[in-house]
Amino acid sequence: MFERDLIAVFIDFIMGAKSPINLVKKRVKMGIHYRNPDFGALVSAIGFMVEHSSASQKKPAEGVKVFELSENSNECLNSIAFYC
């Protein structure tokens, strides 16, 4: 189940209080007033998983595992706030 919800967990972590699913009730504020945390590697991982998911239009290479997106992952990926 964690594997299916991994995209949702990552997006929930990045979005914090703005997350549409709020998996974590108590949030720790990251970064400081002058500098936001760098989520570049996490966003790259999300992109890789979406590219290799059931939502992708690409045909997977032979032997490559296709990630199944959960309802939470779909909700997060369809959230406008994630892209702003």
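In this report, we go over the structure that sits alongside the text. (Residues numbered from 1 in each chain as written. Predicted model: local features only at pLDDT ≥ 70, side-chain atom pairs only at ≥ 80, totals over all residues. Heavy atoms only, no water.)

1. Focus on the overall build of the protein chain
At step 1: When you go through the protein chain residue by residue, the secondary structure sums to three helices and zero strands.
At step 2: Written out in order from the N terminus, the α and β elements of the protein chain read α-α-α.
At step 3: Each principal axis of the C-alpha distribution contributes one length, and for the protein chain these read about 45 × 25 × 20 Å.
At step 4: The proportion of buried residues among the 84 residues of the protein chain is 29%. (Helix = DSSP H or I, 4+ residues; strand = E, 2+ residues; numbered from the N terminus. Buried < 20%, exposed > 50% of the residue type's maximum accessible area, 1.4 Å probe, protein only.)

2. Comments concerning the packing of aromatic side chains
At step 1: Scanning all chains against the criterion turns up two aromatic pairs.
At step 2: On the numbers, 5.0 Å between centres and 70° between planes, the contact of F82 with Y83 is edge-to-face.
At step 3: Classification of Y83 by relative accessible area gives exposed; the value is 55%. (Phe/Tyr/Trp six-rings, centres within 6.5 Å; stacked < 30°, edge-to-face > 60°.)

3. Structural notes on empty space enclosed by the protein
At step 1: Enumeration over the complete set of coordinates arrives at one cavity of 30 Å³ or more.
At step 2: Taken as a whole, the largest cavity spans an internal volume of roughly 40 Å³.
At step 3: In terms of lining, the largest cavity is formed by E3, R4, L6, I7, M49, F67, E68, L69 and S73.
At step 4: Of the residues contributing to the lining of the largest cavity, the split by class is five nonpolar, one polar and three charged. (1 Å grid on protein atoms, 1.4 Å probe; cavity = no way out; pocket = protein on both sides within 12 Å on 5 of 7 lines; lining within 4 Å. Points joined across faces, edges and corners; volume = space filled by probe spheres on them. Nonpolar A, V, L, I, M, F, W, Y, C, P; charged D, E, K, R; others polar.)

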